[in-house]
Amino acid sequence: MKKLLTRRSFIVGSTIGAGLSLSGCDVLTGSDSFSRVLKLGETITMGAQRLFLSDKALAREFTEADMSPVFKSNGTHRPDSAEYAALAENNFVDWRLVIDGLVDQPLSLSLAELKRLPSRTQITRHDCVEGWSAIGKWTGVPLGLLLQAARLKPNARYLVFHCADEYEKTLDGTGQYYESIDLVDAFHPQTILAYGMNGTDLPIPNGAPLRLRVERQLGYKHAKYLMRIEAVESFAAFGRGNGGFWEDRGYEWYAGI
Ligand SMILES: Nc1nc2c(c(=O)[nH]1)N[C@H]1C(S)=C(S)[C@@H](COP(=O)(O)O)O[C@H]1N2
Ligand SMILES: [Mo]
């Protein structure tokens with residue numbers, strides 16, 4: 001077992017260890033998804049976060065004064081499925097984020113539950129390959145926290161983000177927007193699932209009710225309209241196999257800024 005340790009299992013194992021050692025042994029025994037995550041959230045410590053913090057690896061953060069007066073919407077502005085329309089109509093009360101795939105504890109979380117978990121707010125610059133940038137303020141749940149609660153299986157290597165929208169269906173009929181990141185980015189301290197933007201609820205044009213912020217990568221990685229996060233060993237079976245909607249159309253999978 002020891003000789004199979006990878007950087008990923010080191011990160012995951014160390015974090016869970018840090019949480020457990022400070023809080024006793026019943027951290028993961030809640031009766032539903034939310035109480036499990038909440039209990040784990042309470043155990044997040046500076047020590048656990050320090051483990052991941054390295055100045056060099058952080059994307060630059062800005063001040064309120066730097067925020068763009070307008071943050072445009074790009075790609076899909078509103079998913080056009082009947083399912084999404086019904087969810088939006090009811091203020092996303094019936095929406096759930098599902099986290100499943102290669103996890104020991106699949107989760108299903110409402111927006112209200114996500115909002116009660118520990119959050120992070122960050123003012124960052126979004127860079128789109130189409131040649132525009134904007135600085136916005138994002139508030140959301142650190143993705144790493146949810147992954148700790150879901151408990152990744154040892155063979156999990158990537159996360160696939162399933163979105164509600166189909167963006168420009170192409171001739172073969174595929175247009176479902178999806179994205180993927182590896183576990184180093186997944187556990188990065190600035191990688192959050194944002195439900196808030198510029199001090200209000202995330203607007204529909206910018207991805208309501210929840211979008212990914214993965215600040216060291218380009219705009220198209222920041223999947224909007226999240227429905228489901230699936231832990232996988234390989235993303236070859238999704239879309240055309242390149243790890244994302246735009247990757248399937250020629251863009252890089254690792255879109256570092
Ligand atoms: N689900 C979904 N996510 C998406 C897109 C999209 O069309 N659908 N467009 C991407 C691109 S190319 C960019 S630049 C950003 C735009 O985010 P914004 O609408 O908040 O400006 O979202 C990204 N995430
Ligand atoms: Mo973009």
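The name given to the chain in an unreviewed UniProt entry is DMSO/TMAO reductase YedYZ molybdopterin-dependent catalytic subunit, with Kaistia dalseonensis as the source organism.

**Q** So what exactly am I meant to see when it comes to the overall build of the chain here?
**A** Each helix and strand in the chain was counted, giving seven helices and 10 strands. Classification of the 257 residues of the chain by burial places 51% in the buried group. With an accessible surface of roughly 12,300 Å², the chain has 53% of that area assigned to carbon and sulfur atoms.

**Q** Would you mind showing me how to read the pairing of strand β4 (residues 132–142) here?
**A** Where a strand is regular, its side chains alternate between the two sheet faces. Burial runs high along β4: eight of the 11 residues are buried. As judged from the nine bridges shared by strand β3 (residues 120–128) and β4, these two strands associate in the antiparallel manner. Across the sheet, R120 pairs through a bridge with G140, a residue of β4. Here five bridges tie β4 to strand β7 (residues 192–197), and the two strands are oriented antiparallel to one another. Paired with W138 across the two strands is M197, which belongs to β7.

**Q** So what exactly am I meant to see when it comes to the packing of aromatic side chains here?
**A** Two aromatic rings, taken as a pair, are described by how far apart their centres are and by the angle between their planes. Under the criterion given, the structure shown has 13 aromatic pairs. With a centroid separation of 5.6 Å and an interplanar angle of 55 degrees, the aromatic rings of Y84 and F92 are classed as tilted. Look at Y84 and you get buried, because its relative accessible area is 2%. Here W246 and Y251 contribute two aromatic rings whose centre-to-centre distance is 5.4 Å and whose plane-to-plane angle is 50 degrees, an arrangement assigned as tilted. Residue Y251 is classed as partly exposed on the basis of its relative accessible area of 34%.

**Q** Explanation requested: helix α4 (residues 82–89) in the structure shown.
**A** Turn by turn, an α-helix covers 3.6 residues, leaving residues three or four places apart pointing in a common direction. When we look at burial in α4, the residues that qualify are Y84, L87 and A88. In a view along the axis of α4, the buried residues occupy a sector of 95 degrees, so they form one face of it. Exposed positions of α4 whose direction lies more than 90 degrees from the buried face are A82 and E89. Structurally, α4 contributes buried residues whose contacts are with β5 (158–166) and β10 (226–232). Taken from the residues just after α4, N91 is the one with a positive phi, measuring 55 degrees.

**Q** Where do I start with the sheet that holds strand β1 (residues 97–101) in this structure?
**A** Taking strand neighbours across the sheet as the criterion, the five strands line up as β2-β1-β10-β5-β6 in an open arrangement whose pairing is mixed. Sheet topology places β2 (107–109) and β6 (176–182) at the edges, where each strand pairs with a single neighbour. Direction aside, the axes of adjacent strands within the sheet are offset by 15 degrees on average. Judged from the four bridges that link them, β1 and β10 form a sheet pairing that is parallel. By the bridge assignment for β10, V98 is matched with R228. Along the sheet, helix α6 (residues 143–150) contacts β1, β2, β5, β6 and β10; its crossing angle with β2, the most-contacted strand, is approximately 135 degrees.

**Q** Is there a simple way to explain the site of ligand 1 in this structure?
**A** What surrounds ligand 1 is a group of 22 residues, the closest being K72, N74, D165, R211 and K224. For ligand 1, an oxygen atom lies 2.9 Å from a polar atom in the backbone of T76. Considering ligand 1 on its own, with 530 Å² of exposed area, one finds that the protein chains cover 99% of that surface. Judged by the fraction of its atoms near the pocket grid, ligand 1 is located in the largest cavity. Contributions of two or more residues to the shell around ligand 1 are made by β3 and β5. When grouped by side-chain class, the residues that make up the shell around ligand 1 number 10 nonpolar, eight polar and four charged.

Reading the values: rules and limits
Residues numbered from 1 in each chain as written. Chains lettered and ligands numbered in written order. Predicted model: local features only at pLDDT ≥ 70, side-chain atom pairs only at ≥ 80, totals over all residues. Heavy atoms only, no water. Helix = DSSP H or I, 4+ residues; strand = E, 2+ residues; numbered from the N terminus. Buried < 20%, exposed > 50% of the residue type's maximum accessible area, 1.4 Å probe, protein only. Areas by Shrake-Rupley, 256 points an atom, 1.4 Å probe, with all protein chains shown as cover. Pairing = 2+ DSSP bridges. Phe/Tyr/Trp six-rings, centres within 6.5 Å; stacked < 30°, edge-to-face > 60°. Arc of directions from axis to C-beta. Contact = heavy atoms within 4.5 Å. Axes fitted to C-alpha atoms, helices over the stretch in contact; angles between N-to-C directions. Near = heavy atom within 4 Å. Polar contact = N/O pair within 3.5 Å; in protein donor to acceptor, adjacent residues only side chain to side chain. 1 Å grid on protein atoms, 1.4 Å probe; cavity = no way out; pocket = protein on both sides within 12 Å on 5 of 7 lines; lining within 4 Å. Sits in = over half its atoms within 2 Å of the grid points. Nonpolar A, V, L, I, M, F, W, Y, C, P; charged D, E, K, R; others polar.

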